[in-house]
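Coordinate inspection notes
Listed below, chain by chain, are the residues.
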Amino acid sequence: MDRVFVQAWDEMNAFLGTRVPHLTVGFSFGGLLSAFAPSPLRLSVCAPWSQLTPDAIQRAASRPEWRVLHGQEDTLVPPTQNLQLLPDSIPLTLDPKGTHDFDAWMPRIVDWIYASWDAFQVSK
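Source: prediction; values computed, not measured.

Once that is clear, we can look at the sheet that holds strand E1 (residues 23–27). Across the sheet, which stays open at both edges, the four strands sit in the order E1-E2-E3-E4 with parallel pairing between neighbours. At either end of the open sheet lies a strand with only one pairing partner, and these are E1 and strand E4 (92–95). Direction aside, the axes of adjacent strands within the sheet are offset by 15° on average. One ladder, built from four bridges, connects strand E3 (residues 66–71) with E4; its direction is parallel. Counterpart to Leu69 in the pairing with E4 is Thr93. Packed on one face of the sheet, helix H5 (residues 106–123) meets E1, strand E2 (41–45), E3 and E4 and runs near 155° to E2.

Here the focus is unusual backbone geometry. Here Ser28, not a glycine, exhibits a phi torsion of approximately 60°, which is positive. Counting through the fold element by element, Ser28 comes out in the loop between E1 and helix H2 (29–34). Even without glycine at this site, Cys46 takes up a positive phi of about 50°. Assignment of secondary structure puts Cys46 in the loop between E2 and helix H3 (54–61).

Conventions adopted
Along each chain, numbering runs from 1 in the same order as the chain's sequence is written. Local features in a predicted model are, by the rule used here, given only for residues with pLDDT of at least 70; side-chain atom pairs are given and counted only at 80 or more, and totals for whole chains, interfaces and linings are based on all residues. Neither water nor hydrogens contribute to the side-chain values; these are computed over all heavy atoms in the structure. Whether two strands pair depends on DSSP finding at least two bridges between them. Where helices and strands are cited, they refer to DSSP runs of H or I of at least four residues and of E of at least two residues respectively, numbered from the N terminus. For helices, the fitted line uses only the C-alpha atoms of the stretch in contact; every axis is such a line through C-alpha atoms, and the angle between N-to-C directions lies from 0 to 180 degrees. Contacts were defined at the residue level, with two residues in contact if any of their heavy atoms lie within 4.5 Å.

Structure representation (C-alpha cells):
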C-alpha cells in the first residue's frame, strides 16, 4: 500500500506541477490522496483510512479545510472501521444511504461538495 500511495502521490504532483487547484475531491483511494493535496479545500469521499498510518492521518489533519463524506451503507470501506481513525477535528458527514457505488449517490455527493465549498467561502 505504501508503494502504491507514494506512486499515486508522485503522479498527482507531476500532473499538478506548480499549480494549486482551489479544490480537490477524491473518492475511495483518491480520497486518501485528496487529504494531502495542496488545495486550500480538500474533500475526501469514502476513503479507506485504515490503509494509512495514524501519523499520516494526523499530518493531513494538521492543515485546515479538510472534510470527509462517507456512506453509512458502504460495505467495501466500512464506516465503523475507517471513520474511527479520523481526528475529532475533521468535519465528517455520514450519508445514511451512501454506499461505495459512486454513481448511485452522485447527486448527494455533489450537494455535499457544493455545501462544503459554500462553507469554505464563508470561512475565508
